[in-house]
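So the chains spell out like this:
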Amino acid sequence: YERVSTDEQALHGYSIDAQIKGLEEYCQTHNMRVVDHYTDAGVSGGKESAKRPEMARLLDDVQAGKIDMILFTKLDRWFRNVPEYFKVQEILERHRVEWKAIYEDYDTTTSNGRMAITLFLAIAQNEREKGSERVTAVLQRKRMNKEACFGGPHIPIGYKKEKDENGIPRLVIDPETEPAVREFWRIVSEENSIMTAGKIVNATFGLNRAYKEWTRTFNNEMYRGEWKGVKEFCPAYIDPVEWERVKAARTIKSTQKNRCYLFTGLIACPECGTIMSSNYKVYKDNVREYYSYRCRHFTVRRCTNNKTVS
């Protein structure tokens, strides 16, 4: 089992390649047959086993009787969470599967050995939690300084990251996408409809953004110039008072508890392949609801299929 959570760990010799090399050499030296490699890349050692994809697969193989020994380089690659360690240990003991850290020496057969493991894991968990607290504090200071402390995928449409005269990255208006974003907020303010605004902006500016992406834009407080309580964090696209009015005025269609869509997630659009979304309609002269499915990409002009499936 190999695991690495951050690039920093990789720089300190914990890279996946280094772990694989060490484990392979150990197996060759000790005449062990490798059943499989279970590699969780970019996963924290404090996570639950069920939320680590490869560890979950490993435990499935343990319970299927495919494994009698689990190898990892160091104990903190296995766990940095005391309760989760013991939860998984119960599964291993139930199926008579042992583990070994090839660069460290632990004894699970004695009470002193088990206590040593618990102490080590407690220390590792404490280090992980203190590191998380330090990162949180650093990010908070950066936010208070109005520093754009996030990567490209987290920069909202209409903005870009640019360094000021002191070399500090700031969030500024992106002139390339500014017209589209300003048009979106103008239409939302007038029509009170994210779908209408997204559809018009996509068609006008040649964009291909889904309804969900425009909804994230609508809910993002950065467009009023604020981020996580920091006022004037970035240039605003909409006045804060107007932003609150638009948010409060938006009507949301409620879903009845007894409304049942049997085929949700099962019908794909024949043109674009996306899963079709559920819909309903009540005609004027009839109180009965008619259920149907339609392509969610058609509503924002990402697909030409305007047909519904009854």
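Refer to the structure printed above.
Not measured: the values here are computed from a predicted model.

A separate point is the overall build of the protein. For the protein, the helix and strand inventory stands at 10 helices and 9 strands. Of all 310 residues assigned to the protein, the portion counted as buried reaches 38%. Of the contacts formed within the protein by residues at least 6 apart in sequence, a portion of 52% connects residues at least 24 apart. Put simply, the protein shows about 19000 Å² of open surface, and 51% of that area lies on carbon and sulfur atoms.

Okay, the environment of Arg57 next. Here Arg57 lies in helix α3 (residues 53-63). Its relative accessible area of 28% is what places Arg57 among the partly exposed residues. Separated by 19 residues in sequence, Arg57 and Tyr38 place their C-alpha atoms 7.7 Å apart. What Arg57 contacts, discounting residues up to four positions off in sequence, is Asp36, His37 and Tyr38.

The strands that make up a sheet are held in pairs by hydrogen bonds between backbone atoms, and each pair lies either parallel or antiparallel. Here 3 strands make up an open sheet; going across it, the order is β7-β8-β9 and the pairing antiparallel. Here the strands that pair on one side only, and so sit at the sheet edges, are β7 (277-282) and β9 (308-309). Taken together, the 2 bridges between strand β8 (residues 289-294) and β9 define a ladder with antiparallel strand orientation. From the neighbouring strand, Arg294 faces β9, where its bridge partner is Thr308.

In the sheet, strand β5 (residues 159-163) pairs with strand β6 (residues 169-173) via 5 bridges, with the strands oriented antiparallel. Note on β6: the bridge partner recorded for Lys163 is Pro169. What sits between the antiparallel neighbours β5 and β6 is a turn of 5 residues, in which Gly167 has the positive phi angle 80°.

Glancing now at unusual backbone geometry. With a phi angle near 55°, Arg96 is a residue other than glycine that sits in the positive phi range. Tracing the backbone shows Arg96 in the loop between α5 (82-94) and β4 (98-101). Given the relative accessible area of 77%, Arg96 is considered exposed. Phi is positive for Lys146, which is not a glycine, with a value near 60°. Position of Lys146 among the secondary structure elements: in the loop between α6 (111-144) and β5.

Let us now look at α3. If you check which residues of α3 are buried, you get Glu54, Met55, Leu58, Leu59, Asp61 and Val62. Along the long axis of α3, the arc covered by the buried residues comes to 160°, so they all point the same way. Residues of α3 that are exposed and point over 90 degrees away from its buried face: Pro53 and Asp60. In this structure, the buried side of α3 is in contact with β2 (39-41), β3 (69-72), α4 (75-78) and α5. Of the residues one or two after α3, Gly65 is the one with positive phi, at around 80°.

Here α5 is 13 residues long and its end C-alpha atoms lie 19 Å apart, about the 18 Å a rise of 1.5 Å per residue gives. Three or more residues of α5 are buried, namely Val82, Glu84, Tyr85, Val88, Gln89, Ile91 and Leu92.

Looking now at the packing of helix α7 (residues 178-191) against helix α10 (residues 240-249). Two packed helices can be described by the angle between their axes and the distance between those axes. As a packed pair, α7 and α10 sit with axes 9 Å apart at the nearest point and diverge in direction by 55°. On the basis of their axis angle, the class for α7 and α10 is oblique. You can see that α7 and α10 cross each other, and the crossing is left-handed. Taking contact as the criterion, the partners of Trp185, Val188 and Ser189 in α7 are, on α10, Glu242, Trp243, Arg245 and Val246. Tallied by class, the residues present in the contact of α7 with α10 amount to 4 nonpolar, 1 polar and 2 charged.

Here the focus is the packing of α7 against helix α9 (residues 211-219). Where α7 contacts α9, the two axes come as close as 12 Å, and the packing angle between them is 80°. By the angle between their axes, α7 is roughly perpendicular relative to α9. Of the residues in α9, those touching α7 at Phe184, Trp185 and Val188 are Trp214, Thr217 and Phe218. Broken down by class, the residue content of the contact of α7 with α9 amounts to 5 nonpolar, 1 polar and no charged.

Now for the environment of Lys199. Here Lys199 shows up in helix α8 (residues 194-205). Separated by 15 residues in sequence, Lys199 and Phe184 place their C-alpha atoms 9.4 Å apart.

On to a nonpolar patch on the surface, then. A cluster of nonpolar side chains, contributed by Leu262, Phe263 and Leu266, occupies part of the molecular surface with about 370 Å² of accessible area. Among the secondary structure elements, Leu262 is positioned in the loop between α10 and β7.

The next point concerns the pattern of salt bridges. The tally for this structure, following the rule as stated, stands at 15 salt bridges. Arg182 is the salt-bridge partner of Glu178, the closest N and O atoms lying 2.8 Å from each other. Residue Glu178 and its partner Arg182 are both found in helix α7; the two are separated by 4 residues, about one turn of the helix. Classification of Glu178 by relative accessible area gives partly exposed; the value is 22%. Under the relative-accessibility criterion, Arg182 is labelled partly exposed at 36%. In this structure, Arg224 engages Glu226 in a salt bridge whose closest nitrogen and oxygen atoms are separated by 3.6 Å. Relative accessible area serves as the criterion here: at 12%, Glu226 is assigned to the buried category. Within this structure, Glu221, Arg224, Glu226, Lys231 and Glu244 form a network of salt bridges that share partners.

The rules behind each value
- Residues numbered from 1 in each chain as written.
- Predicted model: local features only at pLDDT ≥ 70, side-chain atom pairs only at ≥ 80, totals over all residues.
- Heavy atoms only, no water.
- Helix = DSSP H or I, 4+ residues; strand = E, 2+ residues; numbered from the N terminus.
- Buried < 20%, exposed > 50% of the residue type's maximum accessible area, 1.4 Å probe, protein only.
- Contact = heavy atoms within 4.5 Å.
- Areas by Shrake-Rupley, 256 points an atom, 1.4 Å probe, with all protein chains shown as cover.
- Pairing = 2+ DSSP bridges.
- Arc of directions from axis to C-beta.
- Expected span 1.5 Å × (residues − 1).
- Axes fitted to C-alpha atoms, helices over the stretch in contact; angles between N-to-C directions.
- Parallel < 35°, antiparallel > 145°, perpendicular 65-115°, else oblique.
- Left-handed = near helix turned anticlockwise from the far one by under 90°.
- Nonpolar A, V, L, I, M, F, W, Y, C, P; charged D, E, K, R; others polar.
- Patch = residues over 30% accessible without salt bridge, like charges linked within 9 Å, V, L, I, M, F, W, Y side chains within 5 Å.
- Salt bridge = Lys/Arg side-chain N within 4 Å of Asp/Glu carboxyl O.

No statement about biological role is implied by the geometric values presented.
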